[in-house]
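As a plain string of letters, each chain reads:
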Amino acid sequence: YVRVSSKEQEKEGYSIPAQIKLLTEYASKNGYTIVNQFEDCETAKRAGRENFNLMIEFLKKNPNINTVLCEKTDRLSRNFRDIATLDDLINNQNLNVILVKENTILRKDSKSHEKFIFGIKALMAKNYIDNLSEETRKGLKEKAEQGIYPSIAPLGYVNNKEKKDLAIDPLRAPFIAKAFELYATGTYSILAIKIWLAETGFRNHKGGEIYKSAVEKILKNPIYYGYFRWNKKIYKGIHTSIINKELFDKVQNVFQQKGHSYVVTKKAFPFRNLFSCERCGCRWTAATYKKKYVYYHCSFTKGK
């Protein structure tokens, strides 16, 4: 079994091929035949590593295979659930776990101090990953307090790698601003804005059309007027805003009124706002033509 904690770690020299070479040479020198190989390239903070689990299932289905080779403790396990799983196989299936670099063999009849040392090393490995996670969270919080958005840029912005903050996306930002303006009128539904964005060629980061839920998320996100949410707190950002606070508040008022905030005109039409467009969900509005004919049409598609 071989593992690196991340793609970056794999590139930086903690390579899977190097681990495989070490374990293969050990197997050859000590008369072991390798029947299967399992590789993981992901964090072990959380139990549930894909190929580690496949290895455990493989061992359970093949009780005649009684040895696992691994480079060292922190390549094998960094959480208590995995340790318990391995301990169960060692005691109930006579599994031997060989940690080559540490010159340690864990088996059913291992002495108590050998198991104790393994437990200490596993605990130290877990402490390392927990501390790394804690330091990462601390660093992200510090960035937020400095006004730097500590995550991937939302639609309308791009991550500025040089300044390590957000820069306006010149292609998407104008459409984001227009979406706020449209919804603030109270006559456009989320679906109508979604359709309009799709028709204008607006696309998400993956190149696909934006969903209704994403449109609503955009319209409720304070990042566009210069603030941002992080860990349930609001921080003032140093990035350039796409809209002003007044427009953002107008949009939130429309949401509070459940989208039924309509423009009031001097002319009263008996069926205005009574029906919704089957295509986009916007309410019907009305207009008078030639001073005597009343026409009803969708407020978004203008009757098209």
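Going by the structure above, here's the rest.
About the thresholds
- Residues numbered from 1 in each chain as written.
- Predicted model: local features only at pLDDT ≥ 70, side-chain atom pairs only at ≥ 80, totals over all residues.
- Heavy atoms only, no water.
- Pairing = 2+ DSSP bridges.
- Helix = DSSP H or I, 4+ residues; strand = E, 2+ residues; numbered from the N terminus.
- Axes fitted to C-alpha atoms, helices over the stretch in contact; angles between N-to-C directions.
- Parallel < 35°, antiparallel > 145°, perpendicular 65-115°, else oblique.
- Left-handed = near helix turned anticlockwise from the far one by under 90°.
- Contact = heavy atoms within 4.5 Å.
- Expected span 1.5 Å × (residues − 1).
- Buried < 20%, exposed > 50% of the residue type's maximum accessible area, 1.4 Å probe, protein only.
- Arc of directions from axis to C-beta.
- Polar contact = N/O pair within 3.5 Å; in protein donor to acceptor, adjacent residues only side chain to side chain.
- Phe/Tyr/Trp six-rings, centres within 6.5 Å; stacked < 30°, edge-to-face > 60°.
- Lys NZ or Arg CZ within 6 Å of the ring centre and 35° of its normal.

Trainee: Can you tell me about the sheet that holds strand 5 (residues 104-106), naming the residues and giving the values?
Mentor: In spatial order, the strands read 3-4-5; together these 3 strands make up an open sheet with mixed pairing. Single-partner strands in this sheet number two, and they are strand 3 (67-70) and strand 5. Neighbour-to-neighbour, the strand axes of the sheet open up by a mean angle of 15°, direction not taken into account. The pairing of strand 4 (residues 96-99) with strand 5 spans 3 bridges and is antiparallel. Counterpart to Val-97 in the pairing with strand 5 is Leu-106.

Trainee: Account for the packing of helix 7 (residues 173-184) against helix 8 (residues 190-199), naming residues and giving values.
Mentor: Closest axis-to-axis distance for the helix 7/helix 8 pair is 10 Å, and the angle between their directions is 150°. Comparing the axis directions of helix 7 and helix 8 gives the class roughly antiparallel. As helix 7 packs across helix 8, the resulting crossing turns out to be right-handed. For the pair formed by helix 7 and helix 8, the contact residues are Phe-175, Lys-178, Ala-179, Leu-182 and Tyr-183 on the first element and Ile-190, Ile-193, Trp-196 and Leu-197 on the second.

Trainee: Can you tell me about helix 2 (residues 16-29), naming the residues and giving the values?
Mentor: Along its 14 residues, helix 2 runs 20 Å from first to last C-alpha, staying within 8% of the 20 Å computed at 1.5 Å per residue. By the burial criterion, the buried members of helix 2 are Ile-16, Gln-19, Leu-23 and Ala-27. All buried residues of helix 2 project into a common sector of 65° when viewed along the axis, lining one side. More than 90 degrees from the buried face of helix 2, the exposed residues found are Pro-17, Lys-21, Ser-28 and Lys-29. Capping the start of helix 2 is the job of one residue whose side-chain oxygen sits 3.1 Å from the backbone nitrogen of Ala-18: Ser-15.

Trainee: Tell me about the side chain of Asn-221, and please be specific about residues and values.
Mentor: With respect to the helices, strands and loops of the structure, Asn-221 is situated in the loop between helix 9 (212-219) and strand 8 (227-230). Excluding its chain neighbours within four sequence positions, the residues that come into contact with Asn-221 are Arg-229 and Phe-248.

Trainee: Tell me about the environment of His-297, and please be specific about residues and values.
Mentor: Looking at the element boundaries, His-297 is found in strand 11 (residues 293-298). The class for His-297 is buried, based on a relative accessible area of 15%. Each C-alpha atom of the pair His-297 and Trp-284 lies 5.3 Å from the other, and the pair is 13 residues apart in sequence.

Trainee: Quick one: what's the story with helix 9, residue by residue and with numbers?
Mentor: When helix 9 is considered as a whole, its buried residues turn out to be Val-215, Ile-218 and Leu-219. End-on, the buried residues of helix 9 take up no more than an arc of 95°, which puts them together on one face. Exposed residues lying more than 90 degrees from the buried face of helix 9 are Ser-213 and Lys-217. At its buried positions, helix 9 is contacted by helix 7, helix 8 and helix 10 (245-256).

Trainee: I'd love a proper account of unusual backbone geometry, names of residues and values included.
Mentor: Unusually for a residue other than glycine, Asn-94 sits at a positive phi of about 55°. Looking at the secondary structure, you find Asn-94 in the loop between helix 5 (80-92) and strand 4. By relative accessible area, which is 46% here, Asn-94 ends up partly exposed. In the Ramachandran plot, Asn-103 falls in the positive-phi region, its phi being about 55° despite a non-glycine side chain. Here Asn-103 shows up in the loop between strand 4 and strand 5. Owing to a relative accessible area of 72%, Asn-103 belongs among the exposed residues under this scheme.

Trainee: Lay out the packing of aromatic side chains in plain terms, naming residues and giving numbers.
Mentor: Enumeration according to the criterion identifies 13 aromatic pairs in this entry. Measuring from centroid to centroid gives 6.4 Å for Tyr-26 and Tyr-32, while their planes differ by 15°, and the two rings are stacked. Tyr-32 sits in the partly exposed class, given a relative accessible area of 34%. Geometrically, the ring pair formed by Phe-175 and Phe-202 is edge-to-face, given 6.1 Å between the ring centres and 65° between the ring planes. In this pair, Phe-175 sits in helix 7 while Phe-202 sits in the loop between helix 8 and helix 9, placing the two residues 27 residues apart along the sequence. Of the residues examined, Phe-202 reaches a relative accessible area of 3% and is grouped as buried. An aromatic cluster of three or more residues is present, and its members are Tyr-157, Phe-180, Tyr-224, Tyr-225, Tyr-227 and Phe-248. Positioned above the aromatic ring of Phe-255, the side-chain terminus of Lys-220 is 4.7 Å from the ring centre.

Keep in mind that these numbers describe shape and distance, not what the molecule does.
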